Amino acid sequence: NGAWPRARKNEGLRLMCTSIAFPERELYGRNLDLEYHFGERIVVTPRGHAFSFRHLEPMDRHYAMIGMATVAGDTPLYAEAVNEKGLYMAGLYFPGSACYFERPAEGRLNAAPWELIPMILGGCATLAEARGVLERLRVLAEPFAPGYPLAALHWQIAARDGSLIAEPRQDGLRLYEDRLGVLTNEPPYPQQLLNLSGYRGLSPELMENRLCPGVELPVYGQGLGAFGLPGDASPMSRFVRMSFFKSHADMGQDRPEEISRFFRLLDSVAMVKGSVVTPEGRLDETIYSCCADAREGVYYYKTCDSCCVHAVRMDTGALDGAQLAVYTPESRPQFRFAE
């Protein structure tokens, strides 16, 4: 969200995340992987809750939105959100490549990273509209407030009409068509695609014996078609793994199955706490996974310790108000015993 809170103030951030988009199903979501919690809350911002911007006119009326955010004063700082029209946007860590401008420029839409999600989701109903705004955008190196780190980010933006990746580089914001519907972290998106070409031979089916066709080689288990699929937690490996699973996933026949299998996809790239240790000795984990059902206006989520899927619905009757609706995520383990 470009303005992560004071839990680790004045430190660089290393959150490692994975975001996926199914425009044709109107399902979007992500894992947020981090070594500490940031005061995350599910937040519904109604149409009448005003957004203020540093270099742009305030937005007194806008599309309502729901997502995970930290609330600073009366400002929701979203990590990801979807608006009432079905447009989704998520910010992911982009530490080695993100470049922000130091000063605003005339004739451009000048905005800080933490302003992008409310600006885009508040004013755009479709991906085409969002692209028009992003093409004029100049992202500025301005943190939310003193003590709030300036997170280096890139973004996935998606709706029924497609998906985009937006990456701030030295020459400005670069936009890429996102046919895979997958985003992780480093390296930049074109290099992720180039690396993906090295895995063209992966298949969900049994591979043909091309090593020595004249020799009968025993098959010792299923899944050999995906032999070589990387299993580590690095951003590039997660990009390959999610691209493979997402491309071949059977998403089911109805909405509950789609949502359940969406979370299973996210599980395939989730962090096991203790498997990744930061230089400071902290343990990375997937602190939450979410699935935004843009068709129904429901935000589904589960947390690291509460593996049960919970849900918050945008209450259409309250969307014309001005007060934020804030929900604390369920974090304790929950088990359902047979009766």
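Within any chain, residue numbers begin from 1 and follow the written order of that chain's sequence. With the structure being a predicted model, the display of local features is reserved for residues of pLDDT at least 70 and the display and counting of side-chain atom pairs for 80 or more, all residues being used for whole-chain, interface and lining totals. To get the side-chain values, take all heavy atoms of the structure and skip hydrogens and water.

Participant: So what about the overall build of the protein? Which residues, and what values?
Facilitator: The helix and strand labels rest on DSSP assignments: H or I over at least four residues marks a helix, E over at least two residues marks a strand, and numbering proceeds from the N terminus. Scanning the protein for helices and strands turns up five helices and 16 strands. At 20 Å, the protein has a C-alpha radius of gyration in line with the 20 Å of a compact globule built from 339 residues. Across its three principal axes, the protein shows a C-alpha extent of roughly 70 × 60 × 45 Å. Taking all 339 residues of the protein together, the buried fraction comes to 53%. We compute the radius of gyration over the C-alpha atoms and compare it with the globule rule, which gives 2.2 Å times the number of residues raised to the power 0.38. Relative accessible area decides the class of each residue, using a 1.4 Å probe on protein chains only: under 20% of the type maximum gives buried, over 50% gives exposed, and in between gives partly exposed.

Participant: So, the pattern of salt bridges: which residues are in play, and what are the values?
Facilitator: Criterion for a salt bridge: a side-chain nitrogen of Lys or Arg within 4 Å of a carboxyl oxygen of Asp or Glu. Per the counting criterion, the structure on display carries 17 salt bridges. The salt bridge partner of Lys-302 is Asp-267, with a shortest N-O separation of 2.9 Å. Placement of the pair is Lys-302 in strand E14 (residues 298-303) and Asp-267 in helix H5 (residues 255-267), with a sequence separation of 35 residues. One salt bridge in this structure joins Glu-280 and Arg-282, with 4.0 Å as the shortest N-O distance. Among the charged side chains, a salt-bridge network with shared partners connects Arg-25, Arg-255, Glu-258 and Asp-293.

Participant: Summarise the side chain of Glu-285; cite the residues concerned and give the values.
Facilitator: When you line up the elements, Glu-285 lands in strand E13 (residues 285-293). A residue is classified by how much of its surface remains accessible, and Glu-285, at 7% relative accessible area, is buried. Any two residues having at least one pair of non-hydrogen atoms within 4.5 Å are treated as being in contact. Those residues in contact with Glu-285, other than ones at most four positions away along the chain, are Leu-32, Asp-33, Leu-34, His-37, Met-271, Lys-273 and Cys-304.

Participant: How would you sum up the sheet that holds strand E11 (residues 172-177)? Please name residues and give values.
Facilitator: Taken in spatial order, the eight strands line up as E11-E10-E9-E6-E5-E4-E3-E16 in an open sheet, and their pairing is antiparallel. Among the strands making up the open sheet, the edge pair consists of E11 and strand E16 (325-327). Sheet twist, expressed as the average angle between the axes of neighbouring strands with direction ignored, equals 30 degrees. Bridging between strand E3 (residues 41-45) and strand E4 (residues 65-72) involves five bridges; their strand directions are antiparallel. Residue pairing across strands places Val-44 opposite Ile-66, the latter belonging to E4. Paired strands, in this sense, are two strands between which DSSP finds at least two bridges. Axes here mean lines fitted to C-alpha atoms, for a helix over just the part in contact, with angles spanning 0 to 180 degrees between N-to-C directions.

Participant: So what's going on with the sheet that holds E13? Which residues, and what values?
Facilitator: With respect to topology, six strands assemble into an open sheet ordered E12-E1-E2-E13-E14-E15, the strand pairing being antiparallel. Two strands bound the open sheet, and with one partner strand each, they are strand E12 (182-183) and strand E15 (310-313). Note that strand E1 (residues 16-22) and E12 share two bridges and pair antiparallel. Its bridge partner lying in E12, Ser-19 is registered against Leu-183. On the sheet, H5 packs against E1, strand E2 (27-34), E13 and E14 and is oriented at approximately 150 degrees with respect to E13.

Participant: Lay out the packing of aromatic side chains with the relevant residues and their values.
Facilitator: Stacked, tilted and edge-to-face pairs are distinguished by plane angle, under 30 degrees for stacked and over 60 for edge-to-face with tilted covering the rest, among Phe, Tyr and Trp rings (Trp via its six-membered ring) whose centres lie within 6.5 Å. Scanning all chains against the criterion turns up eight aromatic pairs. Aromatic side chains Phe-144 and Tyr-148 sit 5.4 Å apart centroid to centroid with 70 degrees between the ring planes, which places their arrangement in the edge-to-face category. Here Phe-144 falls in the buried class, since its relative accessible area comes to 17%. For Tyr-148, a relative accessible area of 12% puts it in the buried group. Between Tyr-176 and Tyr-189 the ring centres are 5.9 Å apart and the planes differ by 35 degrees, which places this aromatic pair in the tilted class. Placement of the pair is Tyr-176 in strand E11 and Tyr-189 in helix H3 (residues 189-196), with a sequence separation of 13 residues. Look at Tyr-176 and you get buried, because its relative accessible area is 17%. For Tyr-189, a relative accessible area of 2% gives the class buried. One aromatic cluster is present, formed by Trp-114, Phe-144 and Tyr-148 through successive ring pairs.

Participant: Describe in detail H3, supporting the description with residues and values.
Facilitator: Among the residues of H3, Tyr-189, Gln-192 and Leu-196 are the ones counted as buried. All buried residues of H3 lie within an arc of 55 degrees about the axis, which places them on one face of the element. Against the buried residues of H3 lie strand E10 (162-169), E11, E12 and helix H4 (235-248). Directions from the helix axis toward the C-beta atoms define the arc.

Participant: Give me the lowdown on the pairing of E11, citing residues and values where you can.
Facilitator: Bridge analysis of E10 against E11 gives six bridges, and the strand direction is antiparallel. Counterpart to Ala-166 in the pairing with E11 is Leu-175. Once E10 ends, the chain turns through two residues before running back antiparallel as E11.

Participant: Give me the packing of H3 against H4: which residues, what numbers.
Facilitator: The interhelical angle for the contact between H3 and H4, taken along N-to-C directions, is 60 degrees, at an axis separation of 10 Å. Between H3 and H4, the crossing angle belongs to the class labelled oblique. In this structure, H3 meets H4 at a crossing whose hand is right-handed. For the pair H3 and H4, contact is made by Tyr-189, Gln-192, Leu-193, Asn-195 and Leu-196 and by Pro-235, Met-236, Phe-239, Val-240 and Ser-243, respectively. Classifying every residue of the contact of H3 with H4 gives seven nonpolar, three polar and no charged. Any angle that is under 35 degrees is reported as roughly parallel, and any over 145 degrees as roughly antiparallel; angles of 65 to 115 degrees are reported as roughly perpendicular and all others as oblique. For a crossing to be left-handed, the near helix must be turned anticlockwise from the far one by less than a right angle; the clockwise case is right-handed. Gly is placed with the polar residues, together with every amino acid not listed as nonpolar (Ala, Val, Leu, Ile, Met, Phe, Trp, Tyr, Cys and Pro) or charged (Asp, Glu, Lys and Arg).

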